[in-house]
Amino acid sequence: MIWNELENGLTDLEREGLKRVRRTLEAPCGPLARVDGRDLISFCSNDYLGLANDPKLIEAACAGAKKWGVGSGASHLVSGHLSPHEELEEELAAFTGFPRALLFSTGYMANLGIIVALVGRGDAVFADKLNHASLIDAVQLSRADHQRYPHGDLDALERLLAASKAKRKLILTDAVFSMDGDLAPLPELLQLAERFDAWLVIDDAHGFGVLGEHGCGSLSHFDIPANPRILYMGTLGKAAGAAGAFVAASDTVVEWLLQRARTYIFTTGSSPVISCALLASLTLIREGDERRRQLRRLTLRLQNGLSGTRWQLMRSPTAIQPVIIGDNHETLQVALALFDRGLWVPAIRPPTVPKGTARLRVSLSAAHREAHVQLLVDALRELA
Ligand SMILES: *Cc1c(COP(=O)(O)O)cnc(C)c1O
């Protein structure tokens, strides 16, 4: 019977150490979490600058709700595009240095919308093998030829581009890889895009707010100015502390997306309250050098603390600091042992990461104190 198949499938997940557990938080997002009445130090969230529960964002959201209400009432192209949405798009364009930006409800939707609007049958997408799931799904939905190159392998990418007879070519990459924390070689990718007349689509979910001057993101980190063949996607639910995403690009590209991106057109506009909170968040990001310095101090403390142990960090320059353990069950055991000690670190297993590379994904936030990180270091050293 059809439901037996699902029950067997769930049993298989359990046996392979792949069954996920969802925990309910009984306190707002922050370095101190409350779960089942227990207080934990959390290293799970992508709230890298500690803005998700910042008083200025809360104030802006409350004021926004009073002025604009909660719902936008329709899709953006019907009547759901309100002044706060418009103002946020203008600020995002100015902040990232592109002529124009378009706001999406989530990063997942932005990726689906962009790729499907840009390429289709007969075109080819050249994608890093470690790209985020939403980028993989986007290419499949577009029906373009999906050519995946080994992680960061520019020679392999060049060979694929040179051999391609596709009408339209698009290079697609995470700027900061979400499970490894390393950076894509953006200057070299841009050179290849220019040589082979390809689009370059960059997903900066983990770089926006964290890297670059004033937290402008990965392009700024590499000193790459706006360029008509670049589409820069940033998400607003991570360092920016709220929800949503945007694409910054040339006027023509943004107008095309506004006309054609189905995940933009066929969905209700996000709440204006979110845009009001995000306008406050952008100010804090711009003025957030001290938060970014704190993040670097914490990263160094973790990296130095774990040096010489069996478990090495991946030398990531970002807030994502994975500890590779390898085996699914062992990773889960270590995560549980940490949980018993009041330290909450997510165990990331396949299919999110390649088989045999199960890991603890430690993510740091400017809201952590050095003492929080030291507790994690001490516990990991003891368990190793
Ligand atoms: C989180 C993430 C997304 C999805 O963004 P949401 O706003 O959470 O939907 C897309 N790409 C990458 C690399 C991400 O890490």
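Because the structure is predicted, anything quoted here is derived from the model rather than measured.

A few points about the overall build of the chain
Looking only at helices and strands, one finds 14 helices and 13 strands in the chain. Against the 2.2 N^0.38 benchmark of 21 Å for 384 residues, the chain shows a C-alpha radius of gyration of 21 Å, consistent with a compact globule. Counting across all 384 residues of the chain, residues that qualify as buried make up 54%. Long-range contacts, defined here as pairs at least 24 residues apart, represent 71% of the contacts in the chain between residues at least 6 apart. Accessible surface computed for the chain: about 17,400 Å², of which carbon and sulfur atoms make up 53%.

Looking at helix α3 (residues 83–96)
Its 14 residues give α3 an end-to-end C-alpha distance of 20 Å, which sits within 8% of 20 Å, the value for a rise of 1.5 Å per residue. Of all the positions in α3, only P84, H85, L88, E89, L92, A93, F95 and T96 are classed as buried. Taken together, the buried residues of α3 touch α2 (55–68), β3 (100–104), β8 (230–235), β9 (245–249), α10 (262–265) and α11 (272–286). Once α3 finishes, G97 follows within two positions and takes phi at roughly 80°, a positive value.

So, the pairing of strand β7 (residues 199–203)
In regular strands, side chains alternate between the two faces of the sheet. Of all five residues making up β7, four are buried, and the element is well covered by its neighbours. Alignment of strand β6 (residues 169–174) against β7, held across five bridges, turns out to be parallel. The residue of β7 that forms the bridge with L172 is V201. Where the polypeptide runs from β6 across helix α7 (residues 186–195) and back to β7, its parallel neighbour, the crossover connection is right-handed. With four bridges joining them, β7 and β8 adopt parallel strand pairing. The residue bridging I202 from the neighbouring strand is Y232, located in β8.

Focus: the domain arrangement of the chain
Along its sequence, the chain is organised into domain 1 (22–49 + 289–383) and domain 2 (55–286). Here the C-alpha centre of domain 2 lies 27 Å away from the C-alpha centre of domain 1. Across the contact, 20 residues belong to domain 1 and 21 residues belong to domain 2. For the pair domain 1 and domain 2, the number of links is one salt bridge. Here D180 and R359 are joined by a salt bridge, their closest N and O atoms 2.8 Å apart. Linking domain 1 with domain 2 are nine residue pairs in polar contact (both at pLDDT 80 or more). Within the residue set of the side of domain 1 that touches domain 2, elements represented by two or more residues are α12 (289–306), β10 (320–326) and β13 (358–363). Top contributing element to the side of domain 1 that touches domain 2 by residue count: α12, with four residues. Taken together, the residues that form the side of domain 1 that touches domain 2 break down as ten nonpolar, four polar and six charged.

Thoughts on the site of the ligand
Around the ligand sit 14 residues, and of these G107, Y108, D203, H206 and K238 come closest. A distance of 2.7 Å is found between an oxygen atom of the ligand and a backbone nitrogen or oxygen belonging to G107. Within the contact set of the ligand, an oxygen atom lies 3.0 Å away from a backbone nitrogen or oxygen of Y108. Summarising the interface, the protein chains cover 81% of the accessible area of the ligand, which totals 380 Å² for the free molecule. No other element matches helix α4 (residues 107–118), which puts three residues into the shell around the ligand. When its residues are assigned to classes, the shell around the ligand shows two nonpolar, nine polar and three charged.

Considering a nonpolar patch on the surface
On the surface, a cluster of nonpolar side chains totalling about 420 Å² of accessible area is made up of M1, I2 and W3. Note on placement: M1 falls in the segment before α1 (2–15). With relative accessibility at 66%, the residue M1 sits in the exposed group.

Some words on the sheet that holds β13
The three strands are arranged β10-β13-β12 in an open sheet whose pairing can be described as antiparallel. In this open sheet, the two edge strands, each paired with only one partner strand, are β10 and β12 (347–348). Taken together, the six bridges between β10 and β13 define a ladder with antiparallel strand orientation. Each bridged residue has a counterpart across the sheet, and for I324 the counterpart in β13 is R359.

Cut-offs and rules
Residues numbered from 1 in each chain as written. Predicted model: local features only at pLDDT ≥ 70, side-chain atom pairs only at ≥ 80, totals over all residues. Heavy atoms only, no water. Helix = DSSP H or I, 4+ residues; strand = E, 2+ residues; numbered from the N terminus. Rg over C-alpha atoms; globule rule 2.2 N^0.38 Å. Buried < 20%, exposed > 50% of the residue type's maximum accessible area, 1.4 Å probe, protein only. Contact = heavy atoms within 4.5 Å. Areas by Shrake-Rupley, 256 points an atom, 1.4 Å probe, with all protein chains shown as cover. Expected span 1.5 Å × (residues − 1). Pairing = 2+ DSSP bridges. Right-handed = clockwise from strand over helix to strand, strands pointing away. Domains from an automatic or database assignment. Salt bridge = Lys/Arg side-chain N within 4 Å of Asp/Glu carboxyl O. Polar contact = N/O pair within 3.5 Å; in protein donor to acceptor, adjacent residues only side chain to side chain. Nonpolar A, V, L, I, M, F, W, Y, C, P; charged D, E, K, R; others polar. Near = heavy atom within 4 Å. Patch = residues over 30% accessible without salt bridge, like charges linked within 9 Å, V, L, I, M, F, W, Y side chains within 5 Å.

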